[in-house]
Amino acid sequence: MWEINLTAQLTDILYAMLLGGVLCLLCDVFRGIRTVNGGSVTAIFFQDVILWVVAAVCSFCLFSARCNGEIRGYMLVFMGGGFTLIRFTVSKFFFCLFKWFFGSLKSFSERCVDFFERIGERLRYFSGTIRLYQAKKRKKCCDSCKKLLKRGYQLLYTKQK
């Protein structure tokens, strides 16, 4: 059996609070995405599942690295404390930052889509114009050939009278 000294416990508490804060910021990232996109119920469900899986894996890694795989109550309490501390202090700023970032990203992507749609419309217009010109030219050629064949006196060979 190994013993835990005070420095190791304080380091563990610091890491637990840091992990709780990082998980709070990850939660703010998902909140920013939800605010900008107005997520559906299924999107919110999958975001919550991803958040909980990431939290579980990170907590497992922290417990494995710092506590030899044992779940310690004070680590869970300080992980929640770090989450709560970040949530009530700097989370509002980071949430606005993430919301602005994802809003800018959404508007930029919409502008890119509009730009490429306009390019596609112009290409369709020009290709349609070229096809129309070619169709008119073919029709004119066919009409002149029909007229030439209808009137016998315009043919090049001699006609008997």
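As a reminder, the structure under discussion sits directly above these lines.
Residues numbered from 1 in each chain as written. Predicted model: local features only at pLDDT ≥ 70, side-chain atom pairs only at ≥ 80, totals over all residues. Heavy atoms only, no water.

A closer look at the environment of L62
In step 1: Mapped onto the fold, L62 is located in helix α2 (residues 41-67).
In step 2: The buried category is assigned to L62, whose relative accessible area is 11%.
In step 3: In this structure, the C-alpha to C-alpha distance between L62 and D12, residues 50 residues apart in sequence, is 8.7 Å.
In step 4: Beyond its immediate stretch of four places on either side in the chain, L62 contacts Y15, A16, L19, C67, M75 and M79. (Helix = DSSP H or I, 4+ residues; strand = E, 2+ residues; numbered from the N terminus. Buried < 20%, exposed > 50% of the residue type's maximum accessible area, 1.4 Å probe, protein only. Contact = heavy atoms within 4.5 Å.)

Some details on the nonpolar core
In step 1: Among the nonpolar cores identified, the biggest contains nine residues, and these are A16, L19, L23, A55, L62, F63, C67, M75 and M79.
In step 2: Put simply, the parts of the chain that give this core at least two residues each are α1 (6-37), α2 and α3 (73-88).
In step 3: For this core, the leading source of residues is α2, giving four residues. (Core = buried A, V, L, I, M, F, W, Y, C linked by side-chain atoms within 4.5 Å.)

A closer look at the packing of α2 against α3
For any two helices packed against each other, the geometry is given by the interaxial angle and the distance between the axes.
In step 1: One can describe the packing of α2 onto α3 by two numbers: an axis separation of 12 Å at closest approach and a directional angle of 135°. Relative to α3, α2 is oriented oblique. The element α2 and its partner α3 pack so that their crossing is right-handed. Along the contact surface, α2 presents S59, L62, F63 and C67, while α3 presents M75, L76 and M79. (Axes fitted to C-alpha atoms, helices over the stretch in contact; angles between N-to-C directions. Parallel < 35°, antiparallel > 145°, perpendicular 65-115°, else oblique. Left-handed = near helix turned anticlockwise from the far one by under 90°.)

Digging into the packing of aromatic side chains
In step 1: As enumerated under the stated definition, the model contains five aromatic pairs in all.
In step 2: Consider the rings of F101 and F102, whose centres lie 5.3 Å apart with planes at 65°: the pair is edge-to-face.
In step 3: Classification of F101 by relative accessible area gives partly exposed; the value is 42%.
In step 4: Judged by relative accessible area, which is 18%, F102 ranks as buried.
In step 5: Of the aromatic side chains, those joined through ring pairs into one cluster are F93, F94 and F98.
In step 6: Taking NZ or CZ as reference, R31 lies 4.0 Å from the ring centre of F95, over its face. (Phe/Tyr/Trp six-rings, centres within 6.5 Å; stacked < 30°, edge-to-face > 60°. Lys NZ or Arg CZ within 6 Å of the ring centre and 35° of its normal.)

Notes on the pattern of salt bridges
In step 1: Enumeration according to the criterion identifies four salt bridges in this entry.
In step 2: With its nearest N and O atoms 2.4 Å apart, the salt bridge here joins R34 to D48. Here D48 lies in helix α2 and R34 lies in helix α1, a separation of 14 residues in the sequence.
In step 3: On the accessibility criterion, R34 (25% relative accessible area) is partly exposed. (Salt bridge = Lys/Arg side-chain N within 4 Å of Asp/Glu carboxyl O.)

What about a nonpolar patch on the surface?
In step 1: Taken together, the side chains of F45, F46, V49, V53 and V57 define a hydrophobic patch exposed on the protein surface, amounting to about 470 Å² of accessible area.
In step 2: Mapped onto the fold, V53 is located in helix α2. (Patch = residues over 30% accessible without salt bridge, like charges linked within 9 Å, V, L, I, M, F, W, Y side chains within 5 Å. Areas by Shrake-Rupley, 256 points an atom, 1.4 Å probe, with all protein chains shown as cover.)

Some points on α2
In step 1: Taking 1.5 Å of rise per residue, 27 residues should cover 39 Å, and α2 covers 37 Å from first to last C-alpha, within 8% of that figure.
In step 2: Following α2 by one or two positions, N68 adopts a phi angle in the positive range, close to 55°. (Expected span 1.5 Å × (residues − 1).)

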